[in-house]
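Given next are the chains, with one letter for each unit.
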Amino acid sequence: MTRWPPGERIILHVDFDAFFASVEQQRNPQLRGRPVIVGGQSQRGVVSAASYEARSYGVHSAMPMWEARRRCPHAAFLPVDGQAYAEASRRAREILAQFTPRMDPASIDEAYLDVTGSLRLFGGLDNLIARIKGDIRQQLGITISIGVAPNRLVAKIASDWNKPDGITIVHPDELPERLFDLPVDDIPGVGDVTKQKLARMGVHTLGQLAKIPKTLLERHFGSHGGYLWRASRGQDDAPVPWYDPGEDSRKQISREETLAEDTRDLEVLEQRLLALCEEVGWRLRRAGQRARTVTLKVKLSNFKLFTRSETLEEPTELDEVIFERASKLLRRVKFGAQQARLIGVGVSNLSDGAGAGQLSLFDDSRERRSELARARDAIADRFGKSAITRARLVHEQEVSDEDPENDALDEDPLQRL
Ligand code: TTP
Ligand code: MG
Ligand code: MG
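Residues numbered from 1 in each chain as written. Chains lettered and ligands numbered in written order. Predicted model: local features only at pLDDT ≥ 70, side-chain atom pairs only at ≥ 80, totals over all residues. Heavy atoms only, no water.

Trainee: Is there a simple way to explain the overall build of the chain in this structure?
Mentor: The number of helices and strands found in the chain is 15 helices and 12 strands. Out of the 417 residues in the chain, the part that is buried amounts to 53%. In the chain, the proportion of contacts linking residues at least 24 apart, taken out of those at least 6 apart, comes to 69%. Taken as a whole, the chain presents about 19100 Å² of accessible surface, with 50% of it coming from carbon and sulfur. (Helix = DSSP H or I, 4+ residues; strand = E, 2+ residues; numbered from the N terminus. Buried < 20%, exposed > 50% of the residue type's maximum accessible area, 1.4 Å probe, protein only. Contact = heavy atoms within 4.5 Å. Areas by Shrake-Rupley, 256 points an atom, 1.4 Å probe, with all protein chains shown as cover.)

Listed below in structure tokens is the structure:
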């Protein structure tokens, strides 16, 4: 029986094994036990997911499809069915939410659970884990891997260690030493740039990173430095928020920001708008949904509010389609003598099936764009909720956010693993 020191939180990170491929194997028994490769079927398609049978041939996510075909010609090659995966993801969230009210679905196939308060109810950690795995397998027919640790950061890292169908428990007493041999880029949020910078300092592992003084890291990496310092020690105090099931059926997804300086310079406004559209698109795809209506909101210096909506011919999940419509609406704003003090974009009229629910309806370029959007999301997932947009914003004007609904997006992206 696993004992946990009082006062330490117990956080689980749940990640589905070969998610898209597993959903396909579950609904078609003939595919079980066989290599299954899901991804874009066009000339330039890439692999979204490879079953573990396919991975033994060296096939993995983001590999060009032609390469996957070369390595594993006898695999079953399937197009992405976003709607099916979004549905499986929704059912998984429903199941997971039964184990604790503190549950954060961090992406389509993963979630954080703070089970500190519900442990006794389920007869201790080992029983709780067995129940979660059993319920998911019985009701969805898919295996998951679970990392258990005193915080999100370590739980996330650990869930990868015994895939597939694995359990990894990192006990508080084992920290930080258990992390010391890991390469620095195992820390969520550490990409090539940080990795190379650290390498130039002679730092390759978390153990080496933990020896660097905090002030030195802060000097080299700014606020990111403090995060690296804590991460190398396996420290992270980001909470797991209360789960809001209503988020699934939220009627609107929107982002807005108050400009640091009032302006009616269309170029400046469009630049802000693009960043907002990227965040909205990202949230849309994460929710596995598409939208048919795009709404632009502009508040003028005299606080007069301008909102205009337009409905698209076809629902979309793509940043550029949202942006195209929103910028068209922006050009219709009558500023008069006024300037804009706030700009926002929202999408509504939502339906299931981001990605490629009806691939056959898409032409090749559409499929390609969908793939690109998902590839960017994979980066955003890895670096934090809106790292791509944030990176763009860093050198630009400071922004504040007036929409309380969007609080989550204002957190330090690195806190959102
Ligand atoms: P992951 O959890 O990263 O991968 P996985 O579930 O396929 O495999 P693992 O057992 O290692 O967890 O991603 C979840 C899903 O997201 C994946 O099934 C397909 C999609 N995805 C892409 O479409 N493109 C990508 O590059 C990645 C990494 C994932
Ligand atoms: Mg997974
Ligand atoms: Mg995942």
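Trainee: What should I look at first to understand the coordination of the magnesium ion (ligand 3) in this one?
Mentor: Four donors placed tetrahedrally about a metal ideally form angles of 109.5 degrees, and six donors placed octahedrally ideally form angles of 90 or 180 degrees. Protein-derived coordination of the magnesium ion (ligand 3) comes from Asp15 (OD) and Asp109 (OD), at a distance range of 2.2 to 2.3 Å. Between the magnesium ion (ligand 3) and the magnesium ion (ligand 2), both coordinated by aspartate 15, there is a metal-metal distance of 3.5 Å. Of this pair, aspartate 15 sits in strand E1 (residues 11–16) while aspartate 109 is found in the loop between strand E5 (103–107) and strand E6 (110–114), placing the two residues 94 residues apart along the sequence. (Donors = N, O, S within 2.8 Å, 3.2 Å for Na, K, Ca; no water.)

Trainee: So what exactly am I meant to see when it comes to the coordination of the magnesium ion (ligand 2) here?
Mentor: On the protein side, the magnesium ion (ligand 2) has Asp15 (OD), Phe16 (O) and Asp109 (OD) as donor atoms, found 2.0 to 2.2 Å from it. Between the six donor atoms coordinating the magnesium ion (ligand 2), the angles at the centre fall across 78 to 177°, so the site counts as octahedral. Sequence spacing of the donor residues for the magnesium ion (ligand 2), all on one chain, is D-F-x92-D. (Tetrahedral: all angles 85-135°; square planar, octahedral: opposite > 155°, others 65-115°.)

Trainee: It is not clear to me how the site of ligand 1 should be interpreted in this structure. Could you clarify?
Mentor: For ligand 1, the set of nearby residues contains 13 residues, the closest of which are Asp15, Ala18, Tyr52, Arg55 and Asp109. One of the side-chain nitrogen or oxygen atoms of arginine 55 is found 2.7 Å away from an oxygen atom of ligand 1. For ligand 1, whose accessible area on its own is 550 Å², the fraction buried by protein is 77%. Within the shell around ligand 1, the residues separate by chemical class into six nonpolar, two polar and five charged. (Near = heavy atom within 4 Å. Polar contact = N/O pair within 3.5 Å; in protein donor to acceptor, adjacent residues only side chain to side chain. Nonpolar A, V, L, I, M, F, W, Y, C, P; charged D, E, K, R; others polar.)

Trainee: Help me understand the pairing of E5, please; the structure alone is not making it clear to me.
Mentor: Among the five residues that make up E5, five are buried, leaving the element largely enclosed by the rest of the structure. Inspection of the sheet shows E5 paired to E6 by three bridges, in the antiparallel sense. Residue pairing for E6: methionine 103 is matched across the bridge by leucine 113. Hairpin connection, E5 to E6: the antiparallel pair is bridged by two residues. (Pairing = 2+ DSSP bridges.)

Trainee: Can you walk me through the environment of valine 203 in this structure?
Mentor: Its place among the elements puts valine 203 in the loop between helix H7 (192–200) and helix H8 (206–210). Taking the C-alpha atoms as reference points, valine 203 and proline 183, 20 residues apart in sequence, are found 9.1 Å from one another. In this structure, valine 203 is in contact with Val184, Leu198, Gln208, Leu209 and Ile212, ignoring residues within four places of it in sequence.

Trainee: Just checking my understanding: could you explain the nonpolar core for this structure?
Mentor: One recurring pattern in soluble globular proteins is that nonpolar side chains are buried together. The biggest cluster of nonpolar side chains holds 40 residues, and the ones touching the most others in it are Leu12, Leu113, Ile132 and Ile136. Breaking this core down by element, the ones donating at least two residues are E1, helix H1 (19–27), strand E2 (36–39), helix H4 (82–96), E6, helix H5 (125–140) and strand E7 (144–149). When neighbours within four sequence positions are excluded, leucine 12 is seen to be in contact with Ala111, Tyr112, Leu113, Val115, Leu125, Ile132, Ile146, Gly147, Val148 and Ala155. Within the second largest apolar cluster, 29 residues are counted, among which are Cys277, Leu296, Phe335 and Val347. (Core = buried A, V, L, I, M, F, W, Y, C linked by side-chain atoms within 4.5 Å.)

Trainee: What exactly am I supposed to notice about empty space enclosed by the protein here?
Mentor: One water molecule sets the probe size; rolling that probe over the atoms shows where empty space is left. Under the defined criterion, the tally for this structure stands at three cavities of 30 Å³ or more. Residue lining of the second largest cavity: Val14, Phe16, Ser89, Ala92, Arg93, Leu96, Pro105, Ser107, Ile108, Asp109, Glu110 and Ala111, and that is the complete set. Of all the secondary structure elements, the ones that give two or more residues to the lining of the second largest cavity are E1, H4, E5 and E6. Among the elements that take part in the lining of the second largest cavity, H4 stands out by supplying four residues, more than any other. (1 Å grid on protein atoms, 1.4 Å probe; cavity = no way out; pocket = protein on both sides within 12 Å on 5 of 7 lines; lining within 4 Å. Points joined across faces, edges and corners; volume = space filled by probe spheres on them.)

Trainee: Explanation requested: the packing of H4 against H5 in the structure shown.
Mentor: Helix packing geometry: the angle between the two helix axes and the distance between the axes. At a closest axis distance of 10 Å, the pairing of H4 and H5 adopts a crossing angle of 145°. You can see that H4 and H5 cross each other, and the crossing is right-handed. Contact residues: Ala88, Arg91, Ala92, Ile95 and Leu96 in H4; Ile132, Asp135, Ile136, Gln139 and Leu140 in H5. (Axes fitted to C-alpha atoms, helices over the stretch in contact; angles between N-to-C directions. Left-handed = near helix turned anticlockwise from the far one by under 90°.)

Trainee: Help me out: how do you make sense of the pattern of salt bridges in this one?
Mentor: Once the charged atoms of two side chains with opposite charge are near each other, the side chains can pair. Applying the stated criterion across every chain yields a total of 23 salt bridges. Here glutamate 67 makes a salt bridge to arginine 70, at a shortest N to O gap of 2.8 Å. Highlighted residues: glutamate 67 and arginine 70, both in helix H3 (residues 65–71), separated by three residues, approximately one helical turn. A relative accessible area of 11% places glutamate 67 in the buried class. (Salt bridge = Lys/Arg side-chain N within 4 Å of Asp/Glu carboxyl O.)

Trainee: Would you explain the side chain of arginine 325 in this entry?
Mentor: One can find arginine 325 in helix H12 (residues 319–330). In this structure arginine 325 comes out as buried when scored by relative accessible area, which is 12%. In this structure arginine 325 touches Val294, Glu310, Thr311, Leu312 and Glu313, once residues within four positions along its chain are discounted.

Trainee: It is not clear to me how the packing of helix H9 (residues 214–221) against helix H10 (residues 223–232) should be interpreted in this structure. Could you clarify?
Mentor: As a packed pair, H9 and H10 sit with axes 6 Å apart at the nearest point and diverge in direction by 140°. Viewed along their axes, H9 and H10 adopt a mutual orientation that is oblique. Note that H9 runs across H10; the crossing there is right-handed. Contacts between H9 and H10 involve Lys214, Leu217, Glu218 and Phe221 from the first element and Ser223, His224, Gly225, Gly226, Leu228 and Trp229 from the second. Here the contact of H9 with H10 is built from residues that sort into four nonpolar, four polar and two charged. (Parallel < 35°, antiparallel > 145°, perpendicular 65-115°, else oblique.)

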